[in-house]
Each structure stands twice: as C-alpha cells, then as structure tokens.
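This is what each chain is made of:
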Number of protein chains: 2
Amino acid sequence: MDGKIINLKSKMEIYKAISGGGNIANCPVRDVIQGVSGKWRSLLMMALAEKPYRFGELRRLVPDISQRMLTQTLYDLQRDGYVHREVFPTKPPSVEYSLTDLGRSMFGAFHQLILWAELNHDAVRAARADFDAAQA
Amino acid sequence: MDGKIINLKSKMEIYKAISGGGNIANCPVRDVIQGVSGKWRSLLMMALAEKPYRFGELRRLVPDISQRMLTQTLYDLQRDGYVHREVFPTKPPSVEYSLTDLGRSMFGAFHQLILWAELNHDAVRAARADFDAAQA
DNA sequence: CAGAATCCTTAAGGATACTG
DNA sequence: CAGTATCCTTAAGGATTCTG
C-alpha cells in the first residue's frame, strides 16, 4: 500500500502547479471527485452499474429521491459523460438510462471505495462513537 | 471489470434492505462516501497521505481554504477516524495532523479514483464540452 | 500558532403544481 | 411517463473578529 501513496508528494505539487494563481477550481482531481459527490450521484451510479433503468424505475428504486433531483442528477451524470440517455418514442414516452463506457470505467475505480465502505463502515461508526464519547 | 460489477444487484438489494423504512440515511456506503465528499476533504486527505502536516502548513499548502473550513474539515476527518491530531505543548502550541491506519486504508481505496481522475479528466471535460455544444 | 465565535452568502436539495 | 417551472428550506462554505 505504501507503494500507492509514495508518489503523492508529486501529486500535491502537480496540484499546486495547476492551481497556479489560486485557481484551484481547475484541479482535475477535484473536478472529477466533485462528480461523485452530492447526495444521489453515487447511488444512481450504483443502480445503473447493475443494469439500465428507466426514469420511473429509478424513482421506485430510490424512493426518497425527489423527482427534481432525479432529473437533475441524471442530467449532470449525462453531461459528465457517465450516463447515456435514450428516448423511445412510444406513447407515453419511455426513457432509458445506462452507463457509458466512460461511466463504467469510472465506476470500476469508484467501486474500490464502495467495497472499502462495506468492509469498514463499522470501524468508521465506532470511531465516531469513540470520538463523541471522548468529547463528552 | 465485469467481474467487479456483476454482483451489484445484490448491493442494491442490500441497500434497499438496510434503508428499510425509507431510512436511507443508514446506508453504509453513502455514509462513507459522504465522508470523502465536501469541497476540502479529498484535498486534505491527499495532503496528509503525503506526510503529516501542521495546521499552518496545511493552510499554506491549500491557500484558498478558509481557516474555518480547515478547522472544521480536520475535525470531521478526525471524528471519522481518518486523521490523528497531536498537540505539542510548546509556546505557542503546535498541532500536527496525520493519517491513522484507518485513514491510510481508506485512502488506499480512494486513491484508485484519484488515479482514474488524473488519467481521464480530459475525457470528462470533453464530454461536457460536447454535451454543452449539443444543447446549443 | 491554532483555533473559537459570529455573521453572512451561496449552493444543494425538497415540495408542490403543471405539461407534452 | 418523464419530465418543467416555481418557490422554499436547509446545509455548506466564506469573511471577519477575537483569544489562550
């Protein structure tokens, strides 16, 4: 694992170089990380990594997402090139969402973090409980 | 890569089971993913993965973070068990932040996404440009 | 040096009503 | 069915001032 982290100094230096005149917004890493942030993006990526879904199916799958956020999050994922939107001209219309190659590629990397979360969320929860107890 | 994704149906079912009565907040994956979201968390994790830093050093390293957000983000990372905070009782005091074992473990998984971002951010930017052009 | 406290602005997200 | 449009609430983040 040290092997993965050992070259991070240069990563930070790349970041500093890129961010240049305080223009941190151009940092490519942050740009992509923002793309998996947000309350619903990771969840919808997980769903679509399973198989393509239609709009209404996604609503039922994630019942507590508002329709507005479902629309908007799918739009953002499509804009980033992770999701493909296909309209079938039936009456009433049906729209299917699926991952693009880029989306699947990104999800492959993101998946490592999902696996870690499943294995280690108990440790995180325990850390929080310990910390909160120590504060009191 | 299909091998990684092939069992995601069960992941979604686990999620649905856990979220139970609409209690999506308890989804362990989202709980941990939130832990790498936020404007500064990934950046500070990258910095601390390089080596331990003191408060003021982190400020200089990430010059556009406000002092309030630096304090708060470090606090949150500490609470999640990713970061260790050590106070040296000098005058004036100095405080060093470093990754815990749990933090290094999490970063190992997160690092995959960072590497992906570095390799593919051009594709994401291109996708956005194409999408925006198509909208116009 | 490393913060705590306060106030303020912006952005994310939700609720509701309406439409092709 | 798959959205728009509008309004509203909450949460994230920033600026400023003060302190052990």
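Residues numbered from 1 in each chain as written. Chains lettered and ligands numbered in written order. Predicted model: local features only at pLDDT ≥ 70, side-chain atom pairs only at ≥ 80, totals over all residues. Heavy atoms only, no water.

### Thoughts on the interface of chain B and chain A
Interface size is commonly expressed as the accessible area that is lost once the parts come together.
Right, on to step 1. Opposite the 64 residues of chain B that make contact, chain A presents 64 residues.
Right, on to step 2. For the chain B and chain A pair, buried surface summed over both sides reaches about 6,500 Å², with 69% attributable to carbon and sulfur atoms.
Right, on to step 3. Summed over the shared surface of chain B and chain A, the number is six salt bridges.
Right, on to step 4. Across the pair Arg79(B) and Asp132(A) runs a salt bridge, and its minimum N-O distance is 2.7 Å.
Right, on to step 5. Put simply, chain B and chain A have 12 residue pairs in polar contact (both at pLDDT 80 or more) between them.
Right, on to step 6. For the side of chain B that touches chain A, the secondary-structure elements that each account for two or more residues are helix H1 (2–5), helix H2 (8–19), helix H3 (28–34), helix H4 (41–50), helix H6 (67–79) and helix H7 (101–135) of chain B.
Right, on to step 7. The element that contributes the greatest number of residues to the side of chain B that touches chain A is H7(B), accounting for 26 residues.
Right, on to step 8. Among the residues forming the side of chain B that touches chain A, the class breakdown is 34 nonpolar, 14 polar and 16 charged. (Contact = heavy atoms within 4.5 Å. Buried area = accessible area lost by both parts, 1.4 Å probe. Salt bridge = Lys/Arg side-chain N within 4 Å of Asp/Glu carboxyl O. Polar contact = N/O pair within 3.5 Å; in protein donor to acceptor, adjacent residues only side chain to side chain. Helix = DSSP H or I, 4+ residues; strand = E, 2+ residues; numbered from the N terminus. Nonpolar A, V, L, I, M, F, W, Y, C, P; charged D, E, K, R; others polar.)

### Remarks on the pairing of strand E3 (residues 94–99) of chain A
Residues and elements named next belong to chain A.
Right, on to step 1. Burial within E3 is extensive, with five of its six residues counted as buried.
Right, on to step 2. Examined bridge by bridge, strand E1 (residues 53–54) and E3 share two bridges and lie antiparallel to one another. Of the residues in E3, the one forming a bridge with Arg54 is Glu96.
Right, on to step 3. In this sheet, E3 lies alongside strand E2 (residues 83–88) in antiparallel orientation, the contact comprising six bridges. (Buried < 20%, exposed > 50% of the residue type's maximum accessible area, 1.4 Å probe, protein only. Pairing = 2+ DSSP bridges.)

### A short note on the nonpolar core
Across soluble globular proteins, nonpolar side chains show a tendency to be buried alongside one another.
Right, on to step 1. Ranked by size, the top nonpolar core spans 72 residues in total, and within it Leu58(A), Tyr82(A), Phe110(A), Leu58(B), Tyr82(B) and Phe110(B) carry the most contacts.
Right, on to step 2. Apart from the residues within four sequence positions on either side, Phe110(B) is in contact with Ile33(A), Leu113(A), Val36(B) and Ser42(B). (Core = buried A, V, L, I, M, F, W, Y, C linked by side-chain atoms within 4.5 Å.)

### Regarding the protein's contact with DNA strand C
Right, on to step 1. Around DNA strand C sit 20 residues in total, of which Lys39(A), Arg68(A), Gln67(B), Arg85(B) and Tyr97(B) are the nearest.
Right, on to step 2. Arg54(B) is positioned with one of its side-chain polar atoms (N or O) 2.9 Å from a phosphate oxygen of DNA strand C.
Right, on to step 3. One of the backbone nitrogen or oxygen atoms of Gly56(B) is found 2.7 Å away from a phosphate oxygen of DNA strand C.
Right, on to step 4. For the surface near DNA strand C, the secondary structure elements donating two or more residues are helix H6 (67–79) of chain A together with helix H5 (55–61), H6 and strand E3 (94–99) of chain B.
Right, on to step 5. In terms of residue class, the surface near DNA strand C is built from eight nonpolar, seven polar and five charged. (Near = heavy atom within 4 Å.)

### Details of the UniProt feature "domain: HTH hxlR-type" (unreviewed entry) in chain A
Right, on to step 1. The UniProt record marks residues 27–125 of chain A with the feature "domain: HTH hxlR-type" (unreviewed entry), using the residue numbering of this structure.
Right, on to step 2. The span residues 27–125 of chain A is 63% helical and 14% strand by assignment, and the distance between its end C-alpha atoms comes to 31 Å. (UniProt positions renumbered as here; feature names shortened; annotations may be inferred.)

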